[in-house]
Amino acid sequence: MSAVQKDRTCKGKTYNLVRKHTKPSAEENGWQWLTRDFMESDAFRTLSGNAHRVLFRILIEHVSHAALCNGRLIVTHTQFIEYGVTGEYVADATGELEFKGIIRVQRGKAGDGTSHPNTYRLTFTGDYEGAPATNEWRRCTMVMAKAWSTTVRKQRAEQRGKLGRKKKTPLRTSEMSPLRSSEMRKVSQ
């Protein structure tokens, strides 16, 4: 036996006290287990500050439902902002988490006077149907994480800018010419 196994905290009264005071208590409102592998992964370690806040806000929602609704978690844009995520970076942060395989997002739709919000699923824990964790975050390498910060983030932002945006056209053509045209500037110089 090694010296670690002979330690007082491995067996007996001390071990039971350590276990008692380090496990989640029954009085807590809920808890979520994060494994060491997950916290040491490239996917988790390379998250931006806003992505960390988005992840923990989704975890709060998960724990609020007694960890039984993973895959049907709804967190609104306003809730992310109230938790401390910078408003214009909410989509970027959720995109980062999805790219690195930590969450999966089912995009909601708007129209007909009703809106359907995005729903989130954490990949490191089982879902509401009883399926085990998919652990998609294991696929994220340091190369992928660097690619996110250099190129993929910009590409996704451009795609979001194009998506669902209608170009505004004038209702009618203006009868008046602009006050200063480029020709008048040349003449005045």
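Model, not experiment: these values are computed from the prediction. (Residues numbered from 1 in each chain as written. Predicted model: local features only at pLDDT ≥ 70, side-chain atom pairs only at ≥ 80, totals over all residues. Heavy atoms only, no water.)

Q: So, the nonpolar core: which residues are in play, and what are the values?
A: Considering soluble globular proteins, one finds that nonpolar side chains tend to be buried as a cluster. Judged by nonpolar contacts, the single largest core of 25 residues is most densely connected at Leu55, Ile58 and Ile102. Every element with two or more residues in this core is listed here: helix H3 (42–45), helix H4 (49–64), helix H6 (90–99), strand E1 (103–106) and strand E4 (119–122). It is H4 that contributes the most residues to this core, five residues altogether. With residues up to four places along the chain from it excluded, the contact list for Ile58 reads Leu73, Val75, Phe80, Ile103, Tyr120 and Leu122. (Core = buried A, V, L, I, M, F, W, Y, C linked by side-chain atoms within 4.5 Å. Buried < 20%, exposed > 50% of the residue type's maximum accessible area, 1.4 Å probe, protein only. Helix = DSSP H or I, 4+ residues; strand = E, 2+ residues; numbered from the N terminus. Contact = heavy atoms within 4.5 Å.)

Q: Help me get a handle on the side chain of Thr123, residues and values and all.
A: Topologically, Thr123 is positioned in the loop between E4 and helix H7 (142–162). Under the relative-accessibility criterion, Thr123 is labelled buried at 0%. Ignoring anything within four residues of it in the chain, the contact list for Thr123 reads Gly101, Ile102, Ile103, Arg104, Ala133, Thr134, Asn135, Glu136 and Trp137.

Q: So what's going on with H6? Which residues, and what values?
A: Counting buried positions along H6 gives eight out of 10 residues, so the element sits mostly inside the fold. Listing the buried residues of H6 in full gives Val90, Asp92, Ala93, Thr94, Gly95, Glu96, Leu97 and Glu98. Where H6 is buried, its residues touch H4, helix H5 (77–83), E1, E4 and H7. One or two steps after H6, the chain reaches Gly101, where phi turns positive at roughly 80 degrees.

Q: Which residues make up the packing of aromatic side chains, and what are the values?
A: One pass over the structure, following the stated rule, counts six aromatic pairs. Ring centres of Phe80 and Tyr120 lie 5.9 Å apart, and the angle between their planes is 85 degrees; this geometry places the pair in the edge-to-face category. With a gap of 40 residues between them, Phe80 in helix H5 and Tyr120 in strand E4 connect regions that are remote in the sequence. Taking the relative accessible area as the measure of exposure, Phe80 reaches 1% and is therefore buried. (Phe/Tyr/Trp six-rings, centres within 6.5 Å; stacked < 30°, edge-to-face > 60°.)

Q: Summarise the packing of H4 against H6; cite the residues concerned and give the values.
A: Relative orientation of the contacting elements H4 and H6 amounts to 80 degrees, with a least axis distance of 8 Å. The orientation of H4 relative to H6 falls into the category roughly perpendicular. Of the residues in H6, those touching H4 at Asn50, Ala51, Val54 and Leu55 are Ala93, Thr94, Glu96 and Leu97. Looking at the contact of H4 with H6, its residues break down into five nonpolar, two polar and one charged. (Axes fitted to C-alpha atoms, helices over the stretch in contact; angles between N-to-C directions. Parallel < 35°, antiparallel > 145°, perpendicular 65-115°, else oblique. Nonpolar A, V, L, I, M, F, W, Y, C, P; charged D, E, K, R; others polar.)

Q: Explain H7 to me, using residue names and the numbers behind them.
A: Its 21 residues place the ends of H7 29 Å apart at the C-alpha level, agreeing with the 30 Å of an ideal helix rising 1.5 Å per residue. Along H7, the sharpest kink reaches roughly 55 degrees, centred on Trp148. Regarding H7, the residues found buried are Ala145, Trp148 and Val152. The elements touched by buried residues of H7 are H6. (Expected span 1.5 Å × (residues − 1). Bend = angle between axes of the 7 residues up to and from the residue.)

Q: Describe a nonpolar patch on the surface, with residues and values.
A: Nonpolar side chains collect at one region of the surface, where Phe56, Ile60 and Tyr83 lie side by side and expose about 240 Å² of accessible area between them. Overall, the relative accessible area of 36% leaves Ile60 in the partly exposed class. (Patch = residues over 30% accessible without salt bridge, like charges linked within 9 Å, V, L, I, M, F, W, Y side chains within 5 Å. Areas by Shrake-Rupley, 256 points an atom, 1.4 Å probe, with all protein chains shown as cover. Salt bridge = Lys/Arg side-chain N within 4 Å of Asp/Glu carboxyl O.)

Q: Go over the pattern of salt bridges with me, naming the residues and quoting the values.
A: Between side chains of opposite charge, a pair can form as their charged atoms come close. On inspection of all chains with the given rule, the structure shows 10 salt bridges. Glu96 is paired through a salt bridge with Arg153; the nearest N and O atoms lie 3.3 Å apart. Taken together, the positions of Glu96 in helix H6 and Arg153 in helix H7 put the pair 57 residues apart, joining distant regions of the chain. Judged by its relative accessible area of 24%, Arg153 falls in the partly exposed class. With a shortest N-O distance of 3.9 Å, Glu98 and Arg104 are connected by a salt bridge.

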